[in-house]
Amino acid sequence: MKVENTVIFLHNLFGGPIAKDDHRLTPLQMCIYTTTVIGTSVAFFTLCLFDLHRMLYSRDLVLSVIDLLMLLGIATTVLAIQSSTVIKHLTKSRVSIFQCLDDIDAHLYTLNVGGEPTHNLSRNWLVAAVGAIVISLAYLLAIALRINQANTMIFAFKAYGMFVIFLMHGMFLVLCYQIWQRIRCMVVHLGKMIASFKRQNNRSNNSDKGNVSLRFCRDLQTLAIVQWQCFRACNRLNDECGLSNVSIFGMFFYVLTAKSFQLFYICSIEFKRHGFTFTHLLEPTVLIIAVFLYFFTSAYLGEMVLRETQLVINNLHKFESMHTTSQHKINQSELVEQLGNQIVHQPVCFNVINFFQIDLKFFHLVMASVATYLIILLQFDFQN
């Protein structure tokens, strides 16, 4: 838990306070602190604008426009992350995502799977923080040879913004992973119930069958509560990270499109004009790799949640197909049907303010859009 508190402290320091039930600040303190953080970011960005005129058209118009839009995208995303924190507390948010996960674990504990979802939780939080730090340092190293008096403030703001963005998105990925692990526990426990049900049918003692059937009914009721808690936790995560994710995924789309074109532009047109400059290739390469990894990871986690939910439904159908006509089996069949209807009407999925669902289909759509716009850009005759 010390690692988790450290990561949350880093986010509180740069992105605004996160409501954690055991360390909850008053709404006034949260608003004052987050407003101060926003004011600091705005002042930082304003200082960058004073140096912008000295570097904007210093080398090439196309590269200058790409850098300018990148700067504006980072500033917008950082402001969205910090503003969403203020909005979250002004709207008097209900129970936090952390409390939702604790409620799920409490019910999973009754199914003898307590502790499994939180396995390596500290390592996950550490990976999120280290990932943001590594990307920020890699970006600084990639532009180290290009830093001069005119662009020092701008590159410093970009590194600061990327740390805030990737730390926020890394925390989102950790929470997505935690929800996925809890749904996997449902799949595993249903598998155990199916195996126990097969062994029960081979027994001849009717009293033992009755006791086991009662335990199955209790487990199915608990699984229904766990599924509802997962649905609530997923909705809470979508609401809390919705505004920031809109800006983050928008910036991801721009980076994949513009920076890929920048690589082509530097390797072709710039090579003919000014000769090959290796230092100008490092920045877009680092950004493309980092954005692609984070974007694919979020799409993969969203897809795995959908697949695990489908496995729950498949196991429910398999469990129901084994029933006989006894009264205990009829009760179990009703509980199975209720749980299946609950999963269908309350699906667990990650989305961005219901604009789009985060899964591999969304990943394929974005990659196709990036390729389309990249082809359009490559068709322009920038030499003239």
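Remember, it's a predicted structure, so these values are computed and weren't measured experimentally.

So what's going on with the overall build of the protein chain? Residues and values would help.
What the protein chain contains, in helices and strands, is ten helices and zero strands. Shown N-terminal to C-terminal, the secondary structure of the protein chain runs as helices and strands in the order α-α-α-α-α-α-α-α-α-α. Put simply, the protein chain has 384 residues, and 52% of those count as buried. Of all intrachain contacts in the protein chain linking residues separated by at least 6 positions in sequence, the fraction that spans at least 24 positions is 85%. Accessible area of the protein chain: about 18500 Å², with a carbon and sulfur share of 64%.

Requested: an account of unusual backbone geometry, with residues and values cited.
One non-glycine residue, Ile353, lies in positive phi territory at about 50 degrees. As for its position among the elements, Ile353 is in the loop between α9 (327-345) and α10 (360-378).

A description of the environment of Phe197 should follow, citing residues and the corresponding values.
Locating Phe197 in the fold gives a position in helix α6 (residues 152-201). Here the alpha-carbon distance between Phe197 and Phe216, two residues 19 residues apart in the chain, equals 8.7 Å.

Any details on the nonpolar core? Residues and values, ideally.
In terms of nonpolar packing, the biggest core is built from 100 residues, with Phe157, Phe166, Ile179, Leu237 and Phe252 touching the most fellow members. Of the residues forming this core, the biggest block, 28 residues, is contributed by α6. With sequence-adjacent residues up to four places away left out, Leu237 is seen in contact with Ile97, Phe172, Leu175, Cys176, Ile179 and Phe350. Counting residues in each nonpolar core, the second largest holds eight residues, with Leu63, Ala258, Tyr265 and Ile266 among its members.

Outline the UniProt feature "transmembrane region" (unreviewed entry) in the protein chain, supporting the account with residue identities and numerical values.
Following the UniProt record, one finds the feature "transmembrane region" (unreviewed entry) at residues 32-50, 62-81, 125-147, 159-180, 246-269, 281-301 and 362-380. Strand forms 0% of residues 32-50 and helix 100%; the C-alpha atoms that close the span are 27 Å apart. Helix and strand shares over residues 62-81 are 100% and 0% respectively, and the end C-alpha atoms of the span are 29 Å apart.

Now, about the confidence of the model for the protein chain: what can you tell me, with residues and values included?
Looking at the protein chain, pLDDT values average 79 and 78% of them are 70 or higher. Mean pLDDT across the elements of the protein chain ranges from a minimum in α9, with 67, to a maximum in α10, with 91.

Talk me through the packing of aromatic side chains; I want residue IDs and the actual numbers.
With the rule as written, the count across this model stands at 22 aromatic pairs. Relative to Phe362, the ring of Phe249 lies with its centre 5.8 Å away and its plane at 80 degrees, an arrangement referred to as edge-to-face. Remark: Phe362 occurs in helix α10 and Phe249 occurs in helix α7 (residues 206-274); sequence separation between them is 113 residues.

Let's hear about the environment of Leu377: which residues, and what values?
Tracing the backbone shows Leu377 in helix α10. Here Leu377 falls in the partly exposed class, since its relative accessible area comes to 25%. Taking the C-alpha atoms as reference, Leu377 lies 9.1 Å from Ala258; in sequence the two are 119 residues apart.

Describe in detail the pattern of salt bridges, supporting the description with residues and values.
One pass over the full model with this rule turns up seven salt bridges. In this structure, Arg232 engages Asp103 in a salt bridge whose closest nitrogen and oxygen atoms are separated by 2.7 Å. Of this pair, Arg232 sits in helix α7 while Asp103 sits in helix α4 (residues 97-109), and the two are 129 residues apart along the sequence. The partner of Arg236 in a salt bridge is Glu240, with the nearest N and O atoms 3.4 Å apart. Of this pair, Arg236 and Glu240 both sit in helix α7, four residues apart, roughly one helical turn. Residues joined in a network through salt bridges with shared partners are Asp67, Lys259 and Glu283.

Mind laying out α10, listing which residues take part and the relevant values?
Helix length check: α10 (19 residues) gives 27 Å between terminal C-alpha atoms against 27 Å at 1.5 Å per residue, within 8%. Of the positions making up α10, those classed as buried are Leu360, Phe362, Phe363, Val366 and Val370. Down the axis of α10, the sector holding all buried residues measures 150 degrees, keeping them to one side. Across α10 from its buried face, at more than 90 degrees, point the exposed residues Lys361, His364, Leu365 and Ile375. Where α10 begins, the side chain of Asp359 points an oxygen toward the backbone nitrogen of Lys361, at a separation of 3.3 Å.

Explain helix α5 (residues 121-142) to me, using residue names and the numbers behind them.
When the terminal C-alpha atoms of α5 are compared, their 32 Å separation across 22 residues agrees well with the 32 Å that a helix rising 1.5 Å per residue should span. Along α5, the residues that are buried comprise Leu121, Asn124, Trp125, Ala128, Ala129, Gly131, Ala132, Ile135, Ser136, Tyr139 and Ala142.

Explain the state of the cysteines to me, and be specific about the residues and the numbers.
Note on terminology: disulfide describes a covalent bond linking the sulfur atoms of two cysteines. Within this structure, the stated rule accounts for zero disulfides. Its sulfur unpaired, Cys100 is 10.0 Å from the next cysteine sulfur, which belongs to Cys230. The structure places no disulfide on Cys349, whose sulfur is separated from the nearest cysteine sulfur, that of Cys234, by 5.9 Å. By relative accessible area, which is 13% here, Cys349 ends up buried.

Rules behind the numbers
Counting starts from 1 at the beginning of each chain's written sequence and moves along it residue by residue. For a predicted model such as this one, the threshold for reporting local features is a pLDDT of at least 70, and the threshold for listing and counting side-chain atom pairs is 80 or more; totals across whole chains, interfaces and linings nevertheless cover every residue. Neither water nor hydrogens contribute to the side-chain values; these are computed over all heavy atoms in the structure. By the criteria applied, helices consist of DSSP H or I runs no shorter than four residues and strands consist of E runs no shorter than two, each listed in order from the N terminus. Accessibility here uses a 1.4 Å probe with only protein chains present; expressed as a share of the type maximum, an area under 20% marks a residue as buried, one over 50% as exposed, and anything in between as partly exposed. Every residue pair with non-hydrogen atoms within 4.5 Å of one another is taken to be in contact. Here the accessible surface of atoms and residues is derived via Shrake-Rupley with a 1.4 Å probe, and residues count as covered only by protein chains that are part of the display. What we call a nonpolar core is a set of buried Ala, Val, Leu, Ile, Met, Phe, Trp, Tyr and Cys residues that are connected through their side-chain atoms within 4.5 Å. UniProt positions are given in the numbering used here, feature names are shortened, and annotations may be inferred rather than shown by experiment. In predicted models, pLDDT denotes the confidence assigned by the predictor to each residue on a 0 to 100 scale. Only Phe, Tyr and Trp rings are paired, with Trp represented by its six-membered ring, and only when their centres lie within 6.5 Å; those with planes under 30 degrees apart are stacked, over 60 edge-to-face, the remainder tilted. Here, a salt bridge means any Lys or Arg side-chain nitrogen found within 4 Å of an Asp or Glu carboxyl oxygen. Helices are assigned an expected span. That span is 1.5 Å times one less than the residue count. It is the directions from the helix axis to the C-beta atoms that the arc portrays. The definition of a polar contact used here is a pair of N or O atoms within 3.5 Å, where within protein one atom must be able to donate a hydrogen and the other to accept one, and adjacent residues in sequence count solely through side-chain atom pairs. A pair of sulfur atoms, both from cysteines and within 2.5 Å, is called a disulfide here.

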